[in-house]
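Inside the fold
Listed below, chain by chain, are the residues.
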Amino acid sequence: LVEGKNCNFKVLINDPKIIFADEPTGALDTKNSVAVMELLKTVSIDRLVILVSHNEKLVREYSNQIIHLVDGRISEVEDIKPIDKNVSQKPIKITT
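One structure accompanies this document, and this report is about it.

The next thing to look at is unusual backbone geometry. Positioned with a positive phi, E23 is a non-glycine residue whose angle comes to about 50°. The backbone of D71 sits at a positive phi, close to 55°, despite the residue not being glycine. D71 sits in the exposed class, given a relative accessible area of 76%.

Here is the structure:
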């Protein structure tokens, strides 16, 4: 589980096949939000990343599918773009 300002990517040590990211950018500035999303994009190459966010703009930029929930039920499923398997593997620095 990856959560907000204290997002902890030690979770990757165990090489999970699914990562649940609960508002990983919620308390971050724009620069660090992008850095976290770039990291999640990179790790999503070989594993499933499920992200919960209220930042629709950022989600649209980095997701290939968006599932909208209203009152705990799926209200819409949007296929945004195909998965990009040629994601940059450059190092990402998160500043505080």
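This paragraph deals with the pattern of salt bridges. Scanning all chains against the criterion turns up five salt bridges. A salt bridge links R47 to D15, with the nearest nitrogen and oxygen atoms 3.1 Å apart. Of this pair, R47 sits in the loop between α1 (30-43) and β3 (48-52) while D15 is found in the loop between β1 (2-3) and β2 (18-22), placing the two residues 32 residues apart along the sequence. Using a relative accessible area of 14% as the deciding quantity, one classes R47 as buried. Residue D15 is classed as partly exposed on the basis of its relative accessible area, which comes to 41%. Several salt bridges converge on common partners, so that one network encompasses D15, K17, D46 and R47.

Glancing now at the environment of I80. Along the chain, I80 turns up in the segment after β5 (73-79). Under the relative-accessibility criterion, I80 is labelled partly exposed at 28%. Expressed as a C-alpha distance, the spacing of I80 and V59, which sit 21 residues apart in the sequence, is 10.0 Å. Excluding its chain neighbours within four sequence positions, the residues that come into contact with I80 are R60, S63, N64, Q65 and I66.

Rules of the game
Residues numbered from 1 in each chain as written. Predicted model: local features only at pLDDT ≥ 70, side-chain atom pairs only at ≥ 80, totals over all residues. Heavy atoms only, no water. Buried < 20%, exposed > 50% of the residue type's maximum accessible area, 1.4 Å probe, protein only. Salt bridge = Lys/Arg side-chain N within 4 Å of Asp/Glu carboxyl O. Helix = DSSP H or I, 4+ residues; strand = E, 2+ residues; numbered from the N terminus. Contact = heavy atoms within 4.5 Å.

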